[in-house]
Amino acid sequence: MSTLAAWSEQQYRRSIAGMLQSFGPLAIVKERAGFGQHMRALPGAVVASPVPGAYDPDPDYFFHWYRDSALVIDALRLASVHDGEPTDAWSRCQQFVHFSLALGELDGRRLVRNPAWRAAVAPAFHQYLRPDEDLGAAHGAAVAGETRVNPDGTLDISRWPRPQHDGPALRALTLLRWLRGAPVDESTEAMQRLLRADLAYVLGHWHTPCYDIWEEELGSHYYPLRVGAAALLAGADWLQTRGETGAARDCRAQGEAALERLEAFWDAEAGYFRSRGSGAPSPPDKALDISVIMAALHSADAGDAAAHAGAAAHSVRDPRMLATLEALAGLFGACYPINRDLPAHRAPALGRYAGDRYFSGGAYYFSTLAAAEFCYRAAAGSATPAALRARGDGFLETVRLYTPADGELAEQFDQRDGAQSSAKKLAWSHAALISCVVAGGAPPPPAGRGGARTTITPP
Ligand code: NOJ
Ligand code: NOJ
């Protein structure tokens, strides 16, 4: 049996290839017969999964989700900085930027005014269509809160939980990280335009209710607040370096206010950060949720003052975060059958929250990988780095055990038998593997393999 390091190295490459399968253009023509749609993914679109599903039983993930795609574009950056394996990373990022900017022109009011498209929708599917009021509100800045769009660059006409505020925040963070590796010149003009639009969205919306990242409850949630705060604080630094003092001051003040609000999510009695604000209409058993751990990972390292500060509140170095992770490991360790009688070298497979009923109800690759990545990142600068690294390896060993030989990663692996479930070939699962392996210190590729190191600097 190969070592964990050897497996990680191999799976890292498979995940890059797997993730790139979600990038448009794709040869696939997606038929959504009930909706009278057939579409192709444009260059720059990133579908959540390239496998066409129609709830038969696998879900239809042939959409460009703002959250998923931002995480994928960030993993592409990490991989290109790390070893240059993904070809043309810079131009793929530019395509993503242009695709994203074009979405700003979408206007749901046109669909309301010219309802001819409704004739192509099968009667049985009318129940899934967005009401006119909802569709008509999708224009201008609101488009960035749409949760997802079609990969052909049109609005999603189906009912879906909206708005979500984390998408534009994550995209801003990703753009800031890409921009840090690039010279400021005209080739980044489009990136900067998109970044400014995303910062403006976050500035205007962070304090208003949105759906949680699992798309289930409208309210105030830890994850969107945390990534919103990080985007505003890192955005403030960026604006400051450009001499835009007033705009920087606004972003900083709002970012600090958002960060401050997160304090109320700490539940000292339970010993973890709650994923939902008090008063949010959600079952109490959703309070302990892996999205909090993901928030610490996805908000880090973009010039975010909080992540750099000694106290490091709400970052991987916040001891309350580690307590939250251990509470999650305890929860899933006790309730998933596949976590029974774990050998000493493995840590439990994790899900989203207790009582999840979506498909097999967990486990999830991105959850278990987030736990591993968290431990690797927390190890740096900790007093007990070896123990944390070993813990990280424990989670990664579990992902390894439930990864098939071909390296494909679905959204979930069944908590009873480990079989893959929900969307197949989930781009976010691969992105999570890439960022985890890079955080764990993936070795660079041997010379002569994978070509020369590609940086993200434009040609
Ligand atoms: C329920 C699932 O839990 C969630 O993750 C999915 O995206 C939504 N259904 C859509 O609302
Ligand atoms: C369901 C997850 O709950 C959501 O966060 C994700 O964006 C979609 N799947 C697409 O992967």
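Residues numbered from 1 in each chain as written. Chains lettered and ligands numbered in written order. Predicted model: local features only at pLDDT ≥ 70, side-chain atom pairs only at ≥ 80, totals over all residues. Heavy atoms only, no water.

Caption draft 1: How the structure looks around the environment of Leu218. One can find Leu218 in strand 6 (residues 218-219). Judged by its relative accessible area of 40%, Leu218 is partly exposed. With 57 residues separating them in the primary sequence, Leu218 and Pro161 have C-alpha atoms 8.2 Å apart. (Helix = DSSP H or I, 4+ residues; strand = E, 2+ residues; numbered from the N terminus. Buried < 20%, exposed > 50% of the residue type's maximum accessible area, 1.4 Å probe, protein only.)

Caption draft 2: Seen up close, the packing of helix 10 (residues 291-298) against helix 12 (residues 319-335). As a packed pair, helix 10 and helix 12 sit with axes 9 Å apart at the nearest point and diverge in direction by 140°. Between helix 10 and helix 12, the interaxial angle falls into the category oblique. Handedness of the helix 10/helix 12 crossing: left-handed. Residues Val292, Ile293 and Ala296 of helix 10 form the contact with helix 12, whose participating residues are Met321, Thr324, Leu325 and Leu328. Across the contact of helix 10 with helix 12, the residue classes tally to six nonpolar, one polar and no charged. (Axes fitted to C-alpha atoms, helices over the stretch in contact; angles between N-to-C directions. Parallel < 35°, antiparallel > 145°, perpendicular 65-115°, else oblique. Left-handed = near helix turned anticlockwise from the far one by under 90°. Contact = heavy atoms within 4.5 Å. Nonpolar A, V, L, I, M, F, W, Y, C, P; charged D, E, K, R; others polar.)

Caption draft 3: Structural view of the site of ligand 1. The environment of ligand 1 is made up of Trp160, Pro161, Trp214, Glu215, Glu216, Arg352 and Tyr358. Here an oxygen atom of ligand 1 sits 2.4 Å away from a polar atom, N or O, in the side chain of Glu215. At a separation of 2.6 Å, an oxygen atom of ligand 1 approaches a polar side-chain atom of Arg352. In isolation ligand 1 has 290 Å² of accessible area, and contact with the protein removes 78% of it. Looking at the shell around ligand 1 residue by residue, the classes come out as four nonpolar, no polar and three charged. (Near = heavy atom within 4 Å. Polar contact = N/O pair within 3.5 Å; in protein donor to acceptor, adjacent residues only side chain to side chain. Areas by Shrake-Rupley, 256 points an atom, 1.4 Å probe, with all protein chains shown as cover.)

Caption draft 4: Up close: the nonpolar core. Ranked by size, the top nonpolar core spans 115 residues in total, and within it Val97, Met294, Phe374, Leu396 and Trp428 carry the most contacts. Tallying contributions element by element places helix 8 (residues 222-241) first for this core, with 13 residues. In contact with Leu396, other than residues within four places in its own chain, are Leu4, Trp7, Ser8, Leu369, Ala372, Tyr376 and Cys436. Judged by nonpolar contacts, the second largest core, of nine residues, contains Tyr66, Phe99, Leu106 and Val143. (Core = buried A, V, L, I, M, F, W, Y, C linked by side-chain atoms within 4.5 Å.)

Caption draft 5: Seen up close, the pattern of salt bridges. All chains considered together, the criterion is met by 37 salt bridges. A salt bridge links Arg162 to Asp156, with the nearest nitrogen and oxygen atoms 2.7 Å apart. Of the two residues examined, Arg162 and Asp156, each falls in the buried class. Salt bridges here are not isolated pairs; linked through shared partners, they connect Asp212, Glu216, Glu217, Arg276, Lys286, Asp289, Arg352 and Asp356. (Salt bridge = Lys/Arg side-chain N within 4 Å of Asp/Glu carboxyl O.)

Caption draft 6: The site of ligand 2, seen in detail. Around ligand 2, the surrounding shell consists of Ala48, Tyr61, Trp65, Arg67, Asp68, Ile213, Trp214, Arg352, Glu411, Leu426 and Trp428. In this structure, a nitrogen atom belonging to ligand 2 sits 3.0 Å away from a side-chain N or O atom of Tyr61. Between ligand 2 and Asp68 there is a distance of 2.6 Å, counted from an oxygen atom to a side-chain nitrogen or oxygen. A total of 300 Å² of accessible area belongs to ligand 2 in isolation, and the protein chains cover 98% of it. Classifying every residue of the shell around ligand 2 by side-chain character gives seven nonpolar, no polar and four charged.

Caption draft 7: Structural detail: the environment of Phe273. Summarising the element assignment, Phe273 is placed in strand 8 (residues 272-273). Look at Phe273 and you get buried, because its relative accessible area is 0%. Spatially, the C-alpha atoms of Phe273 and Gly145 are 25 Å apart, while their sequence positions differ by 128 residues.

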